[in-house]
Amino acid sequence: MFRHVVMFSWADDVDDAHIAAVSAALDTLPGTIDVLRAYRHGPDVGISDGNFDYVVVADLDNADDFATYRDHPDHVAVIQGLLAGRVEQRAAVQYETS
C-alpha cells in the first residue's frame, strides 16, 4: 500500500464556504479516479495550536498509481480551481504502508 498525506494552512481570506467547496470537490474524486483505494479528508478540529488547517489522505496500490492520481485532470482541476492562491502553507509526504 502507498499512502499520500497532504496538509494545508489556508490563506487569511479563505472562509467556511470555500472550505466546504473544497470538501465537496474532494468528495467527487474517488468516483472519477479509480486508482484511489481509500480517500479521506477534512479540517483540523482545532484542539491543538500550530496544526495545519486541512488534511487529505489517499491510499493507493503503488507509486505509479499515485502519479496517476496526482496528474489526473479532475485532481488538477481541484488544485487549480480551489487551492491555488488560497493555501498559505502546504506539507506533503508519500510513504509505503502495510
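Residues numbered from 1 in each chain as written. Predicted model: local features only at pLDDT ≥ 70, side-chain atom pairs only at ≥ 80, totals over all residues. Heavy atoms only, no water.

(A) Geometry of helix H2 (residues 63-71). Of all the positions in H2, only Asp65, Phe66 and Tyr69 are classed as buried. The arc that holds every buried residue of H2, seen down its axis, measures 105°, which confines them to one face. Residue Asn62 occupies the N-cap position of H2, its side-chain oxygen lying 3.1 Å from the main-chain nitrogen of Asp64. (Buried < 20%, exposed > 50% of the residue type's maximum accessible area, 1.4 Å probe, protein only. Helix = DSSP H or I, 4+ residues; strand = E, 2+ residues; numbered from the N terminus. Arc of directions from axis to C-beta. Polar contact = N/O pair within 3.5 Å; in protein donor to acceptor, adjacent residues only side chain to side chain.)

(B) Focus on the nonpolar core. Grouped together as the largest cluster of nonpolar side chains are 24 residues, with contacts concentrated most on Leu26, Leu29, Leu36, Tyr39, Val56, Leu60 and Tyr69. Looking at which element gives the most residues to this core, the answer is helix H1 (residues 16-32), with five residues. Each residue touching Leu60, except ones within four places of it in the same chain, is listed here: Met1, Phe2, Val35, Leu36, Arg37, Asp65, Phe66 and Tyr69. (Core = buried A, V, L, I, M, F, W, Y, C linked by side-chain atoms within 4.5 Å. Contact = heavy atoms within 4.5 Å.)

(C) Quick peek at the pairing of strand S3 (residues 54-60). In terms of burial, S3 is largely enclosed, as five of its seven residues are buried. Pairing of strand S1 (residues 2-10) with S3, which is carried by seven bridges, proceeds in the antiparallel orientation. Bridge pairing links Met7 to Val55 in S3. Alignment of strand S2 (residues 38-43) against S3, held across six bridges, turns out to be antiparallel. Across the sheet, His41 pairs through a bridge with Val56, a residue of S3. (Pairing = 2+ DSSP bridges.)

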